[in-house]
Amino acid sequence: MDLNLNRADYLQVGVTSQKTMKLLPASRHRTTQKVVIGDHDGVVMCFGMKKGEAVAVFKTLPGQKIARLELGGVLNTPQEKIFIAAGSEIRGFTKRGKQFLSFETNLTESIKAMHISGSDLFLSASYIYNHYCDCKDQHYYLSGDKINDVICLPVERLPRITPVLACQDRVLRVLQGSDVMYETEVPGPPTVLALHNGNGGDSGEDLWFGTSDGKLGLIQITTSKPIHKWEIQNEKKRGGILCVDSFDIVGDGVKDLLVGRDDGMVEVYSFNNANEPVLRFDQMLSESVTSIQGGCIGKDGYDEIVVSTYSGWVTGLTTEPVHKESGPGEELKINQEMQNKISSLRSELEHLQYKVVQEREKYQQSSQSSKAKSAVPSFSVNDKFTLNKDDASYSLILEVQTAIDNVLIQSDVPIDLLDVDKNSAVVSFSSCDSESNDNFLLATYRCQANTTRLELKIRSIEGQYGTLQAYVTPRIQPKTCQVRQYLIKPLSLHQRTHFIDHDRPMNTLTLTGQFSFAEVHSWVVFCLPEVPEKPPAGECMTFYFQNTFLDTQLESTYRKGEGVFKSDNISTISILKDVLSKEATKRKINLNISYEINEVSVKHTLKLIHPKLEYQLLLAKKVQLIDALKELQVHEGNTNFLIPEYRCILEEADHLQEEYKKQPAHLERLYGMITDLFIDKFKFKGTNVKTKVPLLLEILDSYDQNALIAFFDAA
């Protein structure tokens, strides 16, 4: 069955955060519902639709930025009380807009996530989780990494209170009171949690989770262990998941899964007989979807998906047909309705134009007066800088509440900009003088009209570390710009993992000295991504990492006065040794450095590089042949005379060239890694082999794995 949904934009509020829009329960089945939404201006607005117009039920005064909005009430009754989290305060409103609760939690951090179940309130700030019952503190937990979302299994269906935290380190932590009952790893950093079918499914223990790298999953949280039921990989390379909901939009009596992503994609999954999700509908909106709900808004009897976007638009994807079948009298009525709508829009437009002229004059007068303060307009930028495991590149996503004019990218370390299919901006590069002013990259992206979201892809080189800066200029007057900074870390291509292969040949770097636990933790944060900035609780810490480019691994264990780093890649150990000794020297800390080098690890790393190098060499060879083969094809009129291998190259020519274009300098990268490995192997022996590098490059040009290994052994 095809699902046809038509878009309808209802109204725009201020910039919104994740999970800040809800639908109030309907009085009767399939009658229109009210929408309640909170924004960054601190305004809570409740509205309904009448004759195609949004009519406000209530609207509060501005205040602190609203980070979350949830509905609550007495268990097993309609959940129609509105709760918002702003700063460290929780406020409650009735469906008519009367405030009945103001609860100051006194948390030291702003509230980031909230869940309400009857008189139980579950809150999390960046690292702190709190459970309150009737506004009295019950339980507390300090997480080792940032908490992105919090939920509790339905207490009306289960005999226990089971809160679940979605943490940035790719873990769901299941709590009992103030303690962790158990942890379970998920395939990416979880950003959102929701109860399966809104009630925990058949068992009451089923949870949906969505990750920042776009994966979806269903997991059962039992008393003793988690049961992973299914996972959907992000094969289409879509955005991270910000919100999910359950609602029967298909109309088959089974609730569907509604998903909103940070690249503007809205998806509907139905469930087959085996209870596995099947994609039924998707539609792209121009900006990230912060909240998603299923219900009935525009007209009685027509179900729809309601979403809120980053810049504050409330939009419906409705089952109501755009063109209705109607008789002559009905047609006249529709035409009259349309005329009324057009005239009201015209008058609204005239009013807005008049208001703009007034405000512009006011601004000019205030900026020209002698007492004028700088009146630089402020604007919100939503940014995300994450490492993609699939292609070992960084995604930089910049989203602005208004249209972007241009973005200038500047870097003081060598990086490559990769092509992004979704990106329609025109890029131009400026020449850089890296020796005198540390500029390795200057690129300007000029955006087309109405572009509010820009996605860039960057690949860094391990060992080269510094800062990437993005200067974002929107299309507003007077011209103004915001600068965002992103750290490129020494081991920038490493990603946190929870398990490593302990049977691999490992090299060990040991540091001892008069340094505190907090100091050694800050060095690890400086060197590696995805490490929480706050020192974890306890006296000793172990983190595992995997190199996304080469699949080598790193184990770091440290405590006060000692740090031990183990890796199967000598170059990783070499980078750590150089950076950590430099950082310790800056702080005037005397370090004792010792290392154990495992010779077998070099051959092991070369074997990991081999398939990648072989593939890239073959790809480069095929691309070089394409022009000559095309010329032969034109000359001979067909390709029958060619051997199958060459015919295959011609058939796949476009795909091969596209892949080659997507991976600029990939071969040079691999050559660089092998060269570094060669230099580092002998550096630990106290030998300088830089003079032998040209010989090594000659061997690489006529690559043979055995010859390369023999060269490493003989040098």
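Residues numbered from 1 in each chain as written. Predicted model: local features only at pLDDT ≥ 70, side-chain atom pairs only at ≥ 80, totals over all residues. Heavy atoms only, no water.

(A) Here's a closer look at the nonpolar core. Judged by nonpolar contacts, the single largest core of 81 residues is most densely connected at Leu396, Val407, Ile409, Leu613, Ile674, Leu708 and Phe712. The leading source of residues in this core is helix α8 (residues 666–683), at 8 residues. Listed in part, the 17 residues of the second largest apolar core include Leu5, Cys243, Phe281 and Leu317. (Core = buried A, V, L, I, M, F, W, Y, C linked by side-chain atoms within 4.5 Å. Buried < 20%, exposed > 50% of the residue type's maximum accessible area, 1.4 Å probe, protein only. Helix = DSSP H or I, 4+ residues; strand = E, 2+ residues; numbered from the N terminus.)

(B) Spatial organisation of the pairing of strand β5 (residues 53–59). Here strand β4 (residues 44–50) runs beside β5; their pairing, made up of 6 bridges, is antiparallel. Its bridge partner being in β5, methionine 49 is matched across the sheet by alanine 54. (Pairing = 2+ DSSP bridges.)

(C) Just the UniProt feature "domain: BBS7 beta-propeller" (unreviewed entry) in the protein, in detail. UniProt's feature table lists "domain: BBS7 beta-propeller" (unreviewed entry) at residues 21–319, given in the numbering used throughout. The annotated region residues 21–319 carries 0% helix and 55% strand content, and the separation between its end C-alpha atoms amounts to 20 Å. (UniProt positions renumbered as here; feature names shortened; annotations may be inferred.)

(D) Molecular detail of the packing of aromatic side chains. As enumerated under the stated definition, the model contains 16 aromatic pairs in all. Ring centres 5.1 Å apart and planes at 35° place the aromatic pair phenylalanine 385 and tyrosine 486 in the tilted group. Of the two residues, phenylalanine 385 sits in strand β29 (residues 381–388) while tyrosine 486 sits in strand β37 (residues 482–488), which places them 101 residues apart along the sequence. The class for tyrosine 486 is buried, based on a relative accessible area of 7%. Arranged with centres 5.6 Å apart and planes meeting at 85°, the rings of tyrosine 465 and phenylalanine 526 form a pair that is edge-to-face. Note that tyrosine 465 is positioned in the loop between β35 (453–460) and β36 (466–474) and phenylalanine 526 in helix α3 (residues 517–527), a separation of 61 residues in sequence. (Phe/Tyr/Trp six-rings, centres within 6.5 Å; stacked < 30°, edge-to-face > 60°.)

(E) Structural view of helix α5 (residues 600–636). With 37 residues, α5 should cover 54 Å at 1.5 Å per step; its first-to-last C-alpha distance of 53 Å lies within 8% of that length. Bending of α5 peaks at approximately 35° at the position of histidine 610, with proline proline 611 no more than four residues after it. Positive phi shows up at glycine 637, right after α5, with a value of about 90°. (Expected span 1.5 Å × (residues − 1). Bend = angle between axes of the 7 residues up to and from the residue.)

(F) Representation of the domain arrangement of the protein in the model. Domain boundaries in the protein define domain 1 (17–238), domain 2 (381–488), domain 3 (494–597) and domain 4 (600–714). Taking only C-alpha atoms into account, the centre of domain 1 sits 51 Å from that of domain 4. (Domains from an automatic or database assignment.)

(G) Representation of the pattern of salt bridges in the model. The full count for this structure, using the stated rule, is 36 salt bridges. One salt bridge in this structure joins arginine 496 and aspartate 145, with 3.7 Å as the shortest N-O distance. Taken as a pair, arginine 496 in strand β38 (residues 494–497) and aspartate 145 in the loop between β13 (136–142) and β14 (147–152) lie far apart in primary sequence, 351 residues in all. Given the relative accessible area of 10%, arginine 496 is considered buried. Aspartate 145 sits in the buried class, given a relative accessible area of 6%. Close ionic contact of glutamate 583 with lysine 586 constitutes a salt bridge, the shortest N to O distance being 3.1 Å. Residue glutamate 583 and its partner lysine 586 are located together in helix α4 (residues 570–586), separated by 3 residues, close to a single helical turn. Relative accessible area serves as the criterion here: at 6%, glutamate 583 is assigned to the buried category. Owing to a relative accessible area of 58%, lysine 586 belongs among the exposed residues under this scheme. One continuous salt-bridge network, built from bridges that share partners, spans Asp145, Asp169, Arg173, Glu183 and Arg496. (Salt bridge = Lys/Arg side-chain N within 4 Å of Asp/Glu carboxyl O.)

(H) Layout of the sheet that holds strand β9 (residues 99–104). An order of β6-β7-β8-β9 is seen for the 4 strands of this open sheet, with the pairing classed as antiparallel. With partners counted over all chains shown, the strands left at the sheet margins are β6 (66–72) and β9, one partner each. With direction set aside, neighbouring strand axes in the sheet form an average angle of 15°. Across 5 bridges, strand β7 (residues 81–86) lies against strand β8 (residues 89–93) in antiparallel orientation. In the sheet register, alanine 86 faces β8, and the bridge partner there is glutamate 89. (Axes fitted to C-alpha atoms, helices over the stretch in contact; angles between N-to-C directions.)

(I) Representation of helix α9 (residues 693–701). Where α9 is concerned, the buried positions are Val693, Leu696, Ile699 and Leu700. End-on, the buried residues of α9 take up no more than an arc of 115°, which puts them together on one face. Turned more than 90 degrees from where α9 packs its buried face, Glu698 and Asp701 sit exposed. Buried residues in α9 make contact with α5, α8 and α10 (705–714). (Arc of directions from axis to C-beta. Contact = heavy atoms within 4.5 Å.)

(J) Quick look at the packing of α8 against α9. Put simply, α8 and α9 touch, their axes get as near as 11 Å, and they point 140° apart. Overall, the two elements α8 and α9 adopt an arrangement that is oblique. Crossing of α8 against α9: the hand is right-handed. Seen from α8, the contacting residues are Tyr671, Ile674, Thr675, Phe678 and Ile679; seen from α9, they are Val693, Leu696, Leu697, Leu700 and Asp701. Classifying every residue of the contact of α8 with α9 by side-chain character gives 8 nonpolar, 1 polar and 1 charged. (Parallel < 35°, antiparallel > 145°, perpendicular 65-115°, else oblique. Left-handed = near helix turned anticlockwise from the far one by under 90°. Nonpolar A, V, L, I, M, F, W, Y, C, P; charged D, E, K, R; others polar.)

(K) Spatial organisation of the side chain of threonine 557. Topologically, threonine 557 is positioned in strand β41 (residues 553–559). The exposure class assigned to threonine 557 is buried, which follows from its relative accessible area of 18%. A polar contact of 3.2 Å, which involves the side chain of threonine 557, links it to the side chain of threonine 542. What threonine 557 contacts, discounting residues up to four positions off in sequence, is Cys540, Met541, Thr542, Glu562, Gly563 and Val564. (Polar contact = N/O pair within 3.5 Å; in protein donor to acceptor, adjacent residues only side chain to side chain.)

(L) Geometry of the packing of α3 against α4. In contact at an axis separation of 11 Å, α3 and α4 are set at 130° when each is read in the N-to-C sense. Our classification of the angle between α3 and α4 gives oblique. As α3 packs across α4, the resulting crossing turns out to be right-handed. For the pair α3 and α4, contact is made by Trp523, Phe526 and Cys527 and by Leu576, Val579, Leu580, Glu583 and Ala584, respectively.

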